[in-house]
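Structural description and commentary
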Amino acid sequence: MNFAQEKQGASRFTGIGVVVLIHVLIIWALAAGLHREIAKKLAGPIDVKVIEEKVKPPPPPEKILPPPPDLKAPPPPYVPPPEFQVTAPAPPAPPIQSTQTAPPQSDIRPAPPPAPAPAPAPVAKPSKITAAMVCTKMGKPEMPSVNWSGEALYKAVATVKSGRVTSVEITPLRGGVDRKAQRALINAITSTLTETYECPGDHVFEQEFQFKIE
């Protein structure tokens, strides 16, 4: 009894599964068919047309007819042609003979060339050039301490190179000075010329120096 019941239960479940499977296949087939038919119906034929706008052509221009000729107009009046008078040509004038007279010969001579301008007279240079003419700075010699009294006068001839005194020649113009005092005075003049005198350029000038000691 138990084995028979178990076989009947198993065959029942198998039959139910087959029925369910058949229903699923039927539903799937119906769904697929309906989907295709609906797609065919929705995707119907599309007809595209281009609508052209009809433009009416403009009316032809009106023809302007010339006015008819006036048949009753009178003919133009008759005008006689003008009369032409032919005159004989005047006799030719006699030819004019031109005579050329030679101009009188004039005694014209070229003017002599101007005399050359006289050469400028040479500028006389001063016979004596002093220090005040060429120097811009001049010092005074210091009185040396000598055991002598009286007056002494000297002439100095200085040679200037590039604004500075380079050599000096001193000549006494008044005597009566002993050798020691004279040497001291000459040294004072020489140092003053070489150290304090400024004379731009190159020159040779003269300068006198006078000393008076009491």
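Above this text is the structure in question.
All of the points below concern the structure found in this document. (Residues numbered from 1 in each chain as written. Predicted model: local features only at pLDDT ≥ 70, side-chain atom pairs only at ≥ 80, totals over all residues. Heavy atoms only, no water.)

1. Quick word on the sheet that holds strand β2 (residues 164-172)
If you walk across this open sheet you meet the 3 strands as β2-β1-β3, and the pairing is antiparallel. Lying at the two open borders of the sheet, with one neighbouring strand each, are β2 and β3 (203-213). Taken pair by pair, the neighbouring strands of this sheet meet at an average axis angle of 25 degrees, ignoring direction. Pairing between strand β1 (residues 150-161) and β3: 11 bridges, direction antiparallel. Paired with A158 across the strands is F205, a residue of β3. Strand contacts of helix α3 (residues 179-196): β1, β2 and β3, with the helix running at about 155 degrees to β2, the strand carrying the most contacts. (Pairing = 2+ DSSP bridges. Helix = DSSP H or I, 4+ residues; strand = E, 2+ residues; numbered from the N terminus. Axes fitted to C-alpha atoms, helices over the stretch in contact; angles between N-to-C directions. Contact = heavy atoms within 4.5 Å.)

2. Considering the environment of V177
Looking at where V177 falls in the secondary structure, it is placed in the loop between β2 and α3. Take V177: its relative accessible area is 12%, and that puts it in the buried class. Separated by 25 residues in sequence, V177 and A152 place their C-alpha atoms 7.1 Å apart. Apart from the residues lying within four places of it in its own chain, the contact partners of V177 are W148, A152, Y154, Q182 and L185. (Buried < 20%, exposed > 50% of the residue type's maximum accessible area, 1.4 Å probe, protein only.)

3. Description of the state of the cysteines
Enumeration over the complete set of coordinates arrives at 1 disulfide. With its sulfur 1.8 Å from that of its partner, C135 forms a disulfide with C199. For the disulfide bridge between C135 and C199, the dihedral angle about the S-S bond is near 80 degrees, and by the sign convention the bridge is right-handed. Of this pair, C135 sits in the loop between α2 (131-134) and β1 while C199 sits in the loop between α3 and β3; the two residues are 64 residues apart in sequence, bridging distant segments of the chain. A residue is classified by how much of its surface remains accessible, and C135, at 10% relative accessible area, is buried. Accessibility expressed as a relative area gives 1% for C199, which makes it buried. (Disulfide = S-S within 2.5 Å.)

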